[in-house]
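The lines below spell out each chain.
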Amino acid sequence: MRAIRTPEGRRLEDFLERCRAATLRRALSEEWLNALIPGIRLLIGCNQGDDMHLEGDAATHTVMTCMALPIFSRRYLDREPDFVERLAALIHDWKKPACRRNFVQKPPFPDHEAEAAAEIPALARRIGLSASETERLHFVVANHGLAHEFPRLPSEERRRLATSPFWMSLGLLQAADAHSCWLPGGGHLPIHWELLEWEALHASGEIESLTDDALSFSRRPTALPFSIFSFAVVSPALNRAQQL
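Predicted model only: the values in this text are computed from it and were never measured. (Residues numbered from 1 in each chain as written. Predicted model: local features only at pLDDT ≥ 70, side-chain atom pairs only at ≥ 80, totals over all residues. Heavy atoms only, no water.)

## Considerations on helix α1 (residues 7-18)
A rise of 1.5 Å per residue sets the reference length of α1, with its twelve residues, at 16 Å; its end C-alpha atoms lie 17 Å apart and thus fit the reference within 8%. Regarding α1, the residues found buried are Gly-9, Leu-12, Phe-15 and Leu-16. Along α1, the residues classed as buried sweep out an arc of 130° about the axis, all on the same side. The outward face of α1, more than 90 degrees from its buried face, is lined by the exposed residues Pro-7, Glu-17 and Arg-18. Those residues of α1 hidden inside the fold are in contact with α2 (21-27), α3 (31-36), α5 (83-91) and α8 (120-127). (Helix = DSSP H or I, 4+ residues; strand = E, 2+ residues; numbered from the N terminus. Expected span 1.5 Å × (residues − 1). Buried < 20%, exposed > 50% of the residue type's maximum accessible area, 1.4 Å probe, protein only. Arc of directions from axis to C-beta. Contact = heavy atoms within 4.5 Å.)

## A short note on the environment of Tyr-76
The topology assignment puts Tyr-76 in helix α4 (residues 58-77). Its relative accessible area of 0% is what places Tyr-76 among the buried residues. In the structure, Tyr-76 is positioned 96 residues away from Leu-172 in sequence and 8.2 Å away in space, judged by C-alpha atoms.

## Considering the confidence of the model for the protein chain
Averaged over every residue, the pLDDT of the protein chain is 84; the share at 70 or more is 79%. Note that pLDDT drops below 50 for residues 222-244; the model gives that stretch 58 contacts with residues more than four away or on any other chain. (pLDDT = per-residue confidence, 0-100.)

## Overview of the packing of aromatic side chains
Each aromatic ring pair is summarised here by two numbers: the centre-to-centre distance and the angle between the ring planes. On inspection of all chains with the given rule, the structure shows five aromatic pairs. For the pair Phe-139 and Phe-166, a centre-to-centre distance of 6.0 Å together with 55° between the ring planes defines the contact as tilted. In this pair, Phe-139 is assigned in helix α9 (residues 131-148) and Phe-166 in the loop between α10 (155-162) and α11 (167-179), connecting sequence segments 27 residues apart. Judged by relative accessible area, which is 7%, Phe-166 ranks as buried. Each residue in the set Phe-72, Tyr-76, Trp-167 and Trp-193 is aromatic and connected to the rest through ring pairs, giving one cluster. One residue, Arg-11, lies across the ring of Trp-32, its end atom 4.1 Å from the ring centre. Against the face of Trp-94 rests Lys-95, its NZ or CZ located 4.8 Å from the ring centre. (Phe/Tyr/Trp six-rings, centres within 6.5 Å; stacked < 30°, edge-to-face > 60°. Lys NZ or Arg CZ within 6 Å of the ring centre and 35° of its normal.)

## A word on the packing of α5 against α9
Direction vectors running N to C along α5 and α9 enclose 40°, while the axes themselves pass 10 Å from each other. Here α9 runs oblique to α5, going by the angle between their axes. Along this stretch, α5 crosses α9, giving a crossing that reads as right-handed. Along its contact with α5, which presents Val-84, Glu-85, Leu-87, Ala-88 and Ile-91, the element α9 presents Glu-133, Arg-136, Leu-137, Val-140 and Val-141. Partitioned by chemical class, the residues of the contact of α5 with α9 number seven nonpolar, no polar and three charged. (Axes fitted to C-alpha atoms, helices over the stretch in contact; angles between N-to-C directions. Parallel < 35°, antiparallel > 145°, perpendicular 65-115°, else oblique. Left-handed = near helix turned anticlockwise from the far one by under 90°. Nonpolar A, V, L, I, M, F, W, Y, C, P; charged D, E, K, R; others polar.)

## What about the nonpolar core?
What tends to happen in soluble globular proteins is that the nonpolar side chains get buried as a cluster. Judged by nonpolar contacts, the single largest core of 66 residues is most densely connected at Leu-12, Leu-33, Ile-37, Leu-87, Leu-90, Ile-91 and Leu-137. Among the elements that make up this core, the one with the highest residue count is α4 (nine residues). (Core = buried A, V, L, I, M, F, W, Y, C linked by side-chain atoms within 4.5 Å.)

## What to know about α9
Compared with the 26 Å implied by 1.5 Å per residue over 18 residues, the 26 Å span of α9 between its first and last C-alpha is a close match. Taken as a whole, α9 carries its principal kink of about 40° at Ala-142. Those residues of α9 not exposed but buried are Glu-133, Thr-134, Arg-136, Leu-137, Phe-139, Val-140, Val-141, Asn-143, His-144, Gly-145, Ala-147 and His-148. (Bend = angle between axes of the 7 residues up to and from the residue.)

Rendered as structure tokens:
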């Protein structure tokens, strides 16, 4: 079923495609965006701690993630991110303020992924997402925390994420999100695009499974703008599947 955008949805889609960082940061406090995404203004001033978020509050991190997303989309998929991918970047930490706990506890924002994912059906109705767009948005937002743990996940869980038809959208968010998490020792969180891609290709029978050495190396933080195992071209069959 094709999406039938509401007027508010068309405005948001156009805005996310064209906005710059300062404009997006300002919009987080504006009424029109908070009417669509209630409480997103609370990202402003939401302290994330200094163990992996030296970039600033949750609003700053969200803006950085949204701005990084097109870079990785061009790098890995040779295209611009679509509306669902841009929207996932905008709302991936939407519920951090509501889930915030004492920073001595780990993680300091438990279940913020699930809380945001639970709001997606209502958001989809407000902006006019199709059923397939809603499903993809839910998958990406609900699993974006797990994607950061990809090398440490059980093999069954890695396979579940990588065999989803939406793994590319998840991989793009993970890359942009990780790139926007600034670590005290320098650099940013590891980017796992290639591990997701390798797992997906292995599931399709195109390559052998990941080695323990590859998984171990990918756990290291990196100061590079892209992860070092860069693939310029994704399997055409997988790329086609992502567009379904």
